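# Structural features, examined
Below are the chains, spelled out letter by letter.
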Amino acid sequence: MELLAINDVSVSFGGSAVLDRACLKISAGERIGLMGRNGSGKTTLMKIINGDLAPDEGSVVSNSNVRIAVLPQEVPDDLPGTVYDIVASGCREHMDLLREYRKITRLVAEKNTAADLFGKLGKVQRMLEVSGAWNYHKDVEMIIGKTELDEHSEFRYLSAGLKRRVFLARALVGEPDILLLDEPTNHLDMNSILWLEEFLMRYEHTIMFVSHDRSFLGKLSTRIVEIDRGRILSFSCDYSTYIERRQAMLEIEEKNMQDFNKKLTKEEAWVRRGVKARRTRNEGRVRALMQLRQERALRRDQAGTVRLVIQEAQRSGRLVADAETISFSYGNNRIIESFSTTIVRGDKVGIMGPNGCGKTTLVRLLIGELKPENGRIRLGSRVQIAYFDQLRGQLDENKTLKENVAGSNDHVMLGDVPRHVFGYLQDFLFSRDQIMSPVRALSGGERNRVLLAKLFSVPSNVLILDEPTNDLDAETLEILEYRLLKYAGTVLMVSHDRSFLNNVATSTIVFEGNGHLAEYVGGYDDWLRQRPDKAFSSPDTSRCDNNRKQRSPREKTRLSYKESRDLEELPARIEKMEQARSILSTTLGDPEFHVRNDAKTVIETNERLETLITEIDSAYQRWDELEKLAEKYSNLK
């Protein structure tokens, strides 16, 4: 059954049309994943569907009884009231009555025996039943229970993830026919994401959601709708099939564009040679050329890709951080209990755990910003840190993009080379107008791109990324993953993006409850294979040995993503290191070198050689282990 139709809708905010004569039909029971580049118009489309924005042209037709609710991309930080108040505020007409009911019941619970109190309670209860607010009250309590929230908690004091869950509950409480979710997994922890997936899988009504969580899209979507250069494209398939079809479509479009450009170039060359305008055939050819020119002028080319380059500082020492049986707590709340880990140069460490469990605290301990109550942390040498903040606190929303990235300067330093800030930000797909506009005018994904531009303009050898994938489109995510894999430094990343962890993490530290942490080799899927049965789902998780990597309870049957990549890259890496060792050995064996340089230089060169020999030995050992594993898994097939 068709619930809503968008007919030839156009919307523009001064530049190119965000939606250009776009059409879309939404039917009952669909789970629609809404895709598109950052700033392509996904939030705009949702506002049109919800009735918050009127299109410049076209119409939106829906059944008058269709109920629509929305979870916004940006959740307010400081709304007054309890969790119950915020969830119940989704239905304004019942709010005053429910607030009065809760006030009276609270007084009764406090054993207030005022003579008229029970009379007031009875009157309010009768009004609740007549108005339907009593049933609504029950629905609010049920949804609060399902989302595992405390109805008495003050909203303003909740973590960012819990605030988003409160607004999700508010959207769900009215059982809308069309539920619009704008980045619903942002700031949610892994358990909440898994719960949301299962909840939405059972949800009987229509869902349209914007998400760049590829695992979430893959599990949930039954149809993909993409906004591309003002057009709405519909793919009646799951996410993985959409990726294949879209790639094939882009290849055909590229081929047609090449043919068009070739024809236009040929006709332009012909007309420059001169035409005999009186001949009818030539007049027709000139008219056809004018039509080609008009088509080219109207064509909107595919946006480019982000040219993302991470500025690397001088290499840190091999050891970045070594934690030995560290513990930390806030008051009576035990955050970390006797945890040990060693992080070396080049590690890509994922950190997972429920919201508020202490992931940021762990990072601050590992980089020396906090001191452990017990245990010892040893930090490496020559560490230069760049930090990505999930709440974008490093951005001033009232300043322009240029001011946020370069301050009052016109250039940013990329290594030793100055780069004009306009050219640098255009690499991150910002137009000149956007560069001189305030950050508050940008979408969530565009703000994250600004933060990445600011972060990667600073040389570093340790990157700390706190939820870096929030709001980023799929293309930018893939480029970010590629650059992090090529980054020679160390990465600590707090993330609940399962695909991101699978593709980047070499190991994962997991908060398993009651202050107990465990470290696992690989990313999210590797953790699933290795974890204890109840790990990460309950605070009563059984204790585990924190001083070593956990063994898999089930036998692995293939190399992990990281192991496969290492096996492929190790031979070339070893060859480069052997060449470097040969050069250093030759240099140290040359008497002239000792004559020309002081003792300090000779000692430093000798230390570099010793370090290189150790790294080569480790690389050969790793290569041998991986080849044996690959052979073992091959024999199991």
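Parameters and conventions
Residues numbered from 1 in each chain as written. Predicted model: local features only at pLDDT ≥ 70, side-chain atom pairs only at ≥ 80, totals over all residues. Heavy atoms only, no water. Helix = DSSP H or I, 4+ residues; strand = E, 2+ residues; numbered from the N terminus. Buried < 20%, exposed > 50% of the residue type's maximum accessible area, 1.4 Å probe, protein only. Contact = heavy atoms within 4.5 Å. Areas by Shrake-Rupley, 256 points an atom, 1.4 Å probe, with all protein chains shown as cover. Pairing = 2+ DSSP bridges. Axes fitted to C-alpha atoms, helices over the stretch in contact; angles between N-to-C directions. Phe/Tyr/Trp six-rings, centres within 6.5 Å; stacked < 30°, edge-to-face > 60°. Salt bridge = Lys/Arg side-chain N within 4 Å of Asp/Glu carboxyl O. Core = buried A, V, L, I, M, F, W, Y, C linked by side-chain atoms within 4.5 Å. Patch = residues over 30% accessible without salt bridge, like charges linked within 9 Å, V, L, I, M, F, W, Y side chains within 5 Å. Lys, Arg positive; Asp, Glu negative; His and termini not counted. Charge placed at Lys NZ, Arg CZ, Asp CG, Glu CD. Expected span 1.5 Å × (residues − 1). pLDDT = per-residue confidence, 0-100. Polar contact = N/O pair within 3.5 Å; in protein donor to acceptor, adjacent residues only side chain to side chain.

## Looking at the overall build of the chain
In terms of helices and strands, the chain carries 21 helices and 20 strands. Here the chain holds 637 residues, and the buried ones make up 48% of them. Long-range pairs, those at least 24 residues apart, make up 70% of the contacts in the chain with a sequence separation of at least 6. When the accessible area of the chain is evaluated, it comes to approximately 32,200 Å², of which 49% is carbon and sulfur surface.

## Overview of the sheet that holds strand 3 (residues 31-36)
Spatial ordering of the open sheet is given by 5-6-7-3-8-9, a layout of six strands whose pairing is mixed. Among the strands making up the open sheet, the edge pair consists of strand 5 (68-71) and strand 9 (231-235). The mean inter-strand angle of the sheet, taken between neighbouring strand axes irrespective of direction, is 20°. Against the sheet, helix 1 (residues 42-50) engages strand 3, strand 5, strand 6 (178-182), strand 7 (206-210), strand 8 (223-228) and strand 9, with an angle of about 155° to strand 6.

## Some words on the packing of aromatic side chains
Each aromatic ring pair is characterised by the separation of its centres together with the angle its planes make. Under the definition given, this model contains ten aromatic pairs. For the ring pair F328 and Y330, a centre distance of 5.1 Å and an interplane angle of 80° mean the geometry is edge-to-face. Classification of F328 as buried rests on a relative accessible area of 8%. Between the aromatic rings of Y524 and W527, the centroid separation amounts to 5.5 Å while the plane-to-plane angle is 50°, which identifies the pairing as tilted. Highlighted residues: Y524 and W527, both in helix 18 (residues 524-530), separated by three residues, approximately one helical turn. When sorted by exposure, Y524 lands in the same class as W527, which is buried.

## As for the pattern of salt bridges
Enumeration according to the criterion identifies 24 salt bridges in this entry. Across the pair E337 and R334 runs a salt bridge, and its minimum N-O distance is 3.1 Å. Measuring nitrogen to oxygen at the nearest pair gives 3.2 Å for the salt bridge that ties R364 to E369. For R364, a relative accessible area of 32% translates into the label partly exposed. Given a relative accessible area of 51%, E369 falls into the exposed group.

## Thoughts on the nonpolar core
With 46 residues, the main nonpolar core has F456, L463 and L484 as its most contacted residues. A per-element tally of this core places helix 15 (residues 444-456) first, with six residues. The residues contacting L463, other than those within four sequence positions of it, are I310, A386, L455, F456, L484, Y487, T490, V491 and L492. Ranked by size, the runner-up nonpolar core spans 43 residues in total, among them L158, L179, L196 and L217.

## A word on a negative patch on the surface
Together, D598, E604, E607 and E610 make up a region of like negative charge exposed at the surface. Its relative accessible area of 46% is what places D598 among the partly exposed residues.

## Some points on helix 16 (residues 474-486)
The end-to-end C-alpha separation of helix 16 is 19 Å, in line with the 18 Å expected for 13 residues at 1.5 Å each. Restricting attention to buried positions, one finds in helix 16 the residues A474, E475, T476, L477, I479, L480, E481 and L484.

## Quick word on unusual backbone geometry
Even without a glycine there, the phi angle at E183 is positive, about 55°. Mapped onto the elements of the fold, E183 is located in the loop between strand 6 and helix 7 (190-202). Here E183 falls in the buried class, since its relative accessible area comes to 2%. One non-glycine residue, R229, lies in positive phi territory at about 55°. Tracing the chain through its elements places R229 in the loop between strand 8 and strand 9.

## Points about the environment of E253
Relative to the helices and strands, E253 resides in helix 9 (residues 239-272). Apart from residues lying up to four places away in sequence, E253 is in contact with R229 and R231.

## Notes on the confidence of the model for the chain
Low-confidence regions, as indicated by low pLDDT, have predicted coordinates that should not be scrutinised in detail. Counting all residues, the mean pLDDT for the chain is 80, and 82% of those residues have values of 70 or more. Taken together, the stretch residues 537-555 has pLDDT below 50 and engages in 42 contacts with residues farther than four places along the chain or on a different chain.

## Quick look at a nonpolar patch on the surface
On the surface, V383, I385 and Y387 cluster together into a nonpolar patch covering about 210 Å² of accessible area. Here I385 shows up in strand 14 (residues 385-388).

## Things to note about the side chain of S221
Inspection of the secondary structure puts S221 in the loop between helix 8 (214-220) and strand 8. Separated by 2.6 Å, the side chain of S221 and the backbone oxygen of L217 make a polar contact. Not counting the four nearest positions on each side in its chain, S221 is found in contact with R31, G33, F209, D238 and Y239.

## A closer look at helix 11 (residues 359-366)
For helix 11, the tally of buried residues reaches six of eight residues, placing the bulk of the element in the interior. Every buried residue belonging to helix 11 is among K359, T361, L362, V363, L365 and L366, and all of these are buried.

## Overview of the sheet that holds strand 1 (residues 2-11)
With antiparallel pairing, three strands are arranged side by side in an open sheet as 2-1-4. Two strands lie at the open edges of the sheet, namely strand 2 (19-27) and strand 4 (57-62), each paired on one side alone. The mean angle between the axes of side-by-side strands here comes to 5°, regardless of whether they run parallel or antiparallel. Where strand 1 meets strand 2, six bridges bridge the pair, whose relative direction is antiparallel. Looking across to strand 2, one finds that I6 is bridged to L24.

## Description of the side chain of E519
Relative to the assigned elements, E519 resides in strand 20 (residues 517-521). Engagement of the side chain of E519 in a polar contact is seen with the side chain of T341, the distance being 2.5 Å. Of note is the side chain of E519, whose polar atom sits 3.2 Å from the side chain of S507.

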